Amino acid sequence: FFLEPAAVDPRGLYAGSPAEASLQRRLMDIADDVVVIASSDVTRSSAPALIASLDHVTRFVTDGPVPAELCTALRRSGVATLSPSTNSGKGRMFES
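A brief report on the enclosed structure follows. Since we're looking at a predicted model, the values are computed, not measured.

Calculation notes
Residues numbered from 1 in each chain as written. Predicted model: local features only at pLDDT ≥ 70, side-chain atom pairs only at ≥ 80, totals over all residues. Heavy atoms only, no water. Helix = DSSP H or I, 4+ residues; strand = E, 2+ residues; numbered from the N terminus. Contact = heavy atoms within 4.5 Å. Areas by Shrake-Rupley, 256 points an atom, 1.4 Å probe, with all protein chains shown as cover. Salt bridge = Lys/Arg side-chain N within 4 Å of Asp/Glu carboxyl O. Buried < 20%, exposed > 50% of the residue type's maximum accessible area, 1.4 Å probe, protein only.

Things to note about the overall build of the protein
Along the protein, the regular secondary structure elements total two helices and eight strands. Here the contacts in the protein between residues at least 6 apart in sequence split such that 53% fall between residues at least 24 apart. Of the roughly 5500 Å² that the protein leaves accessible, carbon and sulfur atoms contribute 51%.

Shown next, in the form of structure tokens:
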């Protein structure tokens, strides 16, 4: 299942409304894998409705650097992360 949340922080994934969060939660429950696709803006945004904690995510893909606190939370939850390398500047990707 590919999920594009409205916001992501160390506590979890968020949607714009409780109804949207409920639907996404149900889809996550039946999925074998949950891949979060998040623009770098999403890691700096907020939204009102919690979808799920990060331990429900298999992989996290973003187009920008992952904030340190979120990176730590993703690693603790065992989530594989794919994002631009913060030290290359050439758009190469790293995976953790």
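Focus: the pattern of salt bridges
Under the criterion given, the structure shown has two salt bridges. Residue Arg11 is joined to Asp9 by a salt bridge in which the shortest nitrogen-to-oxygen separation is 2.6 Å. Arg11 gets classed as exposed once you look at its relative accessible area, which sits at 60%. Close ionic contact of Asp41 with Arg44 constitutes a salt bridge, the shortest N to O distance being 2.8 Å.

Examining the side chain of Ser40
Within the secondary structure, Ser40 is located in the loop between strand E4 (35-38) and strand E5 (49-52). Residue classification places Ser40 among the buried residues on the basis of a relative accessible area of 16%. The contacts of Ser40, once residues within four sequence positions are left out, are Thr62, Asp63 and Gly64.

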